[in-house]
Number of protein chains: 2
Amino acid sequence: MAFSEFRPLNESSLIEYIKTVPSLSDKLGNKFDDIKIKEVGDGNLNFVYIVVASSGSFVIKQALPYVRCIGESWPMTKERAYFEAVTLRKHGHLCPNHVPDVYHFDRTMSLIGMRYLEPPHIILRKGLIAGIEYPLLADHVSEYMAKTLFGTSILYNSTTVHKVSVAEFCGNVELCRLTEQVVFSDPYKVSEYNRWTSPYLDRDAEAVREDNDLKVEIAELKAKFIERTQALIHGDLHTGSIMVTQESTQVIDPEFAFYGPMGFDIGAFLGNLILAFFSQDGHAVEGNDRKLYKEWILRTIEETWNLFRKKFVGLWELHKDGPGEAYLPAIYNNPELQQLVQNKYLTDLFHDSLGFGAAKMIRRIVGVAHVEDFESINDPSKRAGRERRALELAKLLLKKRRSFNSISQVISAIRELQ
Amino acid sequence: MAFSEFRPLNESSLIEYIKTVPSLSDKLGNKFDDIKIKEVGDGNLNFVYIVVASSGSFVIKQALPYVRCIGESWPMTKERAYFEAVTLRKHGHLCPNHVPDVYHFDRTMSLIGMRYLEPPHIILRKGLIAGIEYPLLADHVSEYMAKTLFGTSILYNSTTVHKVSVAEFCGNVELCRLTEQVVFSDPYKVSEYNRWTSPYLDRDAEAVREDNDLKVEIAELKAKFIERTQALIHGDLHTGSIMVTQESTQVIDPEFAFYGPMGFDIGAFLGNLILAFFSQDGHAVEGNDRKLYKEWILRTIEETWNLFRKKFVGLWELHKDGPGEAYLPAIYNNPELQQLVQNKYLTDLFHDSLGFGAAKMIRRIVGVAHVEDFESINDPSKRAGRERRALELAKLLLKKRRSFNSISQVISAIRELQ
Ligand SMILES: Nc1ncnc2c1ncn2[C@@H]1O[C@H](COP(=O)(O)OP(=O)(O)O)[C@@H](O)[C@H]1O
Ligand SMILES: Nc1ncnc2c1ncn2[C@@H]1O[C@H](COP(=O)(O)OP(=O)(O)O)[C@@H](O)[C@H]1O
Ligand SMILES: [Mg+2]
Ligand SMILES: [Mg+2]
Ligand SMILES: [Mg+2]
Ligand SMILES: [Mg+2]
Ligand SMILES: [Mg+2]
């Protein structure tokens, strides 16, 4: 039996598919009698099947040529699965501890077979809503970001290697355009897709659409998103793209990957932690006011950036005599200068991250796709109150990001506005 | 007869070649008896043949797989001819008045057939050395830059169109790497390729290699050169890539073209005019002190930027409701905001242009390839004096470019240092 043409699978045809693919059937010891398959896709775009048998397990993710949560009326290239697979492998190579292994990829079927992140792995966003602390989270995510971003930049690679890969990922433009629309455009104009907690935030949404200063800043970030091929970024690194346990942190779902600005990934993660922070009061109950948990989130934000910075600079030092083209050792040949350029690089990246993080926050409050952190607050007036403060912080960060010199100043701003 | 494989031509095999190509032989009315062929390549890289017969003429440019002025010991992909041909056509489509028509392109042979820019067309650099004024130069070059840069940016094109072309031009990486080396690296380190007017400038060259602030700035520009896909730039827009008469201005030789920062082209042109300015005292003779000519160069620098700005903004206004992705009319929906974003865009571009222009000046004084403007000053001490002042200005521009608010401030700085 052959799958020589694309076809959407379901729980039963997937078994037939698995039988035709040695790398998958081997994982199950070629025993199919007790196989259990369950579709669990809770994301917006794709179908995800958990496949478990007595002798093994994996996950199958298939892209269909449209956006799942909307339907066939919103077409979306299924080639995104190709870019997701290439990125999982590339990032997995650079950071195996925090990226699931890819067992199989089938371009015709837009289908990825990968490690099943077994329970107690859950989506980080759900853990944050439940108020669970992850003591290793900052350490792990900063490691993932430092290794993948450094390792796909011209700090590490020759221009030749860099441009071959840039060219390939230009092909993922449809996904980039979706981001351009929902992050950098729609929230700043009247759009049928936008929504917010109405009527409470009607004036706030309108204020975003009428804020010239904000629009000047978002234009700069949009151009950077489209034009700056700084590294192979994940492209969708929110807290719903990370699965966690107390010991393990795994980054999934890089279908939006392309060569873009590093700050877009860092900002996505930090911005979504800030959203989680602002949502906490909405989850407070008798006996659990979430105060300590909010402190943990703030510590995690602070540590993530500080650890990222340290690890990134560490990689830079480690590889400074390698093929990376950006800072030739014969030019950057004294410690003082080395420190100057590193400080400048990391300061610029910090400001980028704050800007992109803020943009990601804004779009989750007045744009098309919202976050469960807020959506799960049932009382709309309470929800709107929390969203409004997050929105105010985001606007401040977007407009004044260059005046923040350290992450601790950002934490102070969060505390003041909370 | 077929040329199914690459082979370097010479004056006599070129005739045979022309006979096999209808678009070329038609240009000559298919009469070959009075054909005259002359190799005139004075550039560094390629072979250029002027082909003239009684009934027509053209120019043939062929790339060989090495750097002409060095020889086979410095290999260089002959595919550069492909990128040159594609760019001549693209830029020619956007700005037909200032780009020669391409009659024929043969990828196998790395060969372009184009309009012969007949006398009195000469290379602009030679005109500048001879002290000839070109009253339309600023108007023409600003038009070329505005139309080609705007028309290949996301101000004019959709992201989809943009990324297809970005991907293709990633293929011209060998030429990009040459620029990276000779503009952004070699002048700032000890390199066998560097030279300068020795011993006069020994200390000046050393000072460049020991200037931490300069090295911080050049790193930023190098990253921008590699990472920022802002527009399809010419990539080598110095005064040796422009042919002129009193009425006509034609841009040739875009073999270094790729998607890079617009400021690299603008800076190349302005920086080379500044070099021409500083060289003038070295060309002064009894009865011609070049004083008036220097004023004309300064006016041309000032007008080029001011006209560029005006034309670029004009194109922006004209096409603001087109498919360009950067500033959607539904967001940038009031005149005050439109002016804000335009000012910001043009200010950033101005600073980029000054930085890249300065980098191009520096490399012409202490790097591998020098300019005839200075080289033709026979007295080395006089030459060194002129070069030193140009170098000082360039260092100032590179380090302090963000403090210049208008081109007239640049002109003042040139006057002060002259
Ligand atoms: N490797 C995996 N192991 C376990 N569960 C997974 C795995 N990959 C995805 N999932 C589950 O499927 C959901 C959707 O996966 P995701 O890759 O985010 O798809 P989408 O692109 O549609 O957002 C995740 O939220 C997670 O619950
Ligand atoms: N279309 C043309 N018409 C007339 N002369 C030309 C033309 N193209 C090139 N030339 C002459 O040939 C020289 C080298 O051409 P160029 O394209 O600059 O080659 P290179 O890439 O080797 O620098 C120019 O300086 C000019 O004198
Ligand atoms: Mg997902
Ligand atoms: Mg792994
Ligand atoms: Mg996804
Ligand atoms: Mg030339
Ligand atoms: Mg050339």
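Relevant structure appears above.
In this text the structure is predicted, and so the values were computed from the model without any measurement.

K.L.:
What am I meant to see in the coordination of the magnesium ion (ligand 7) here?
P.N.:
Six octahedral donors around a metal ideally sit at 90 or 180 degrees from one another, while four tetrahedral donors ideally sit at 109.5 degrees. Residues and elements named next belong to chain B. In the first shell of the magnesium ion (ligand 7), the protein supplies Asp-253 (OD), Asp-253 (OD) and Glu-255 (OE), at 1.9 to 2.3 Å from the metal. Separating the magnesium ion (ligand 7) from the magnesium ion (ligand 6) is a gap of 3.6 Å, which Asp-253 spans by donating to each of them. A relative accessible area of 17% means that Asp-253 is categorised as buried.

K.L.:
Explain the side chain of Arg-386 of chain A to me, please; I cannot follow it from the model alone.
P.N.:
Residue and element names in this part refer to chain A. As for its placement among the helices and strands, Arg-386 is situated in helix 14 (residues 380–400). Taking the relative accessible area as the measure of exposure, Arg-386 reaches 9% and is therefore buried. Separated by 3.0 Å, the side chain of Arg-386 and the backbone oxygen of Phe-278 make a polar contact. Dropping the residues within four chain positions of it, Arg-386 is found in contact with Phe-278, Asp-281, Gly-282, Phe-374, Ile-377 and Gln-418.

K.L.:
How do you make sense of the nonpolar core when you look at a structure like this?
P.N.:
Nonpolar side chains tend toward joint burial in soluble globular proteins. Of all hydrophobic cores here, the largest spans 242 residues; its most connected members are Ile-301, Phe-308 and Phe-312 of chain A together with Ile-301, Phe-308 and Phe-312 of chain B. Apart from residues lying up to four places away in sequence, Phe-312 of chain A is in contact with Ala-146, Leu-149, Phe-150, Leu-155, Met-262, Tyr-345 and Leu-346 of chain A.

K.L.:
Before we go on, may I ask you to explain the coordination of the magnesium ion (ligand 5) in this structure?
P.N.:
All of the protein donors around the magnesium ion (ligand 5) are Asp-253 of chain A (OD), Asp-253 of chain A (OD) and Glu-255 of chain A (OE); their distances to the metal are 1.9 to 2.2 Å. Distance-wise, the magnesium ion (ligand 3) is placed 3.6 Å from the magnesium ion (ligand 5), both being coordinated by Asp-253 of chain A.

K.L.:
Please clarify how the pattern of salt bridges should be interpreted in this entry.
P.N.:
Side chains that differ in sign of charge can pair as their charged atoms come close. For the coordinates displayed, the defined rule picks out 60 salt bridges over all chains. Measuring nitrogen to oxygen at the nearest pair gives 3.0 Å for the salt bridge that ties Glu-227 of chain B to Arg-228 of chain A. Of the two residues, Glu-227 of chain B is situated in helix 9 (residues 212–227) and Arg-228 of chain A in the loop between helix 9 (212–227) and strand 9 (231–233); the pairing between them involves two chains. A salt bridge links Glu-392 of chain A to Lys-395 of chain A, with the nearest nitrogen and oxygen atoms 3.8 Å apart. Here Glu-392 of chain A and its partner Lys-395 of chain A are both found in helix 14, 3 residues apart, which amounts to about one turn of the helix. Through salt bridges with shared partners, a single network forms among Glu-217, Glu-220, Arg-401 and Arg-402 of chain A together with Lys-344 and Asp-348 of chain B.

What counts, and where the lines are drawn
- Residues numbered from 1 in each chain as written.
- Chains lettered and ligands numbered in written order.
- Predicted model: local features only at pLDDT ≥ 70, side-chain atom pairs only at ≥ 80, totals over all residues.
- Heavy atoms only, no water.
- Donors = N, O, S within 2.8 Å, 3.2 Å for Na, K, Ca; no water.
- Buried < 20%, exposed > 50% of the residue type's maximum accessible area, 1.4 Å probe, protein only.
- Helix = DSSP H or I, 4+ residues; strand = E, 2+ residues; numbered from the N terminus.
- Polar contact = N/O pair within 3.5 Å; in protein donor to acceptor, adjacent residues only side chain to side chain.
- Contact = heavy atoms within 4.5 Å.
- Core = buried A, V, L, I, M, F, W, Y, C linked by side-chain atoms within 4.5 Å.
- Salt bridge = Lys/Arg side-chain N within 4 Å of Asp/Glu carboxyl O.

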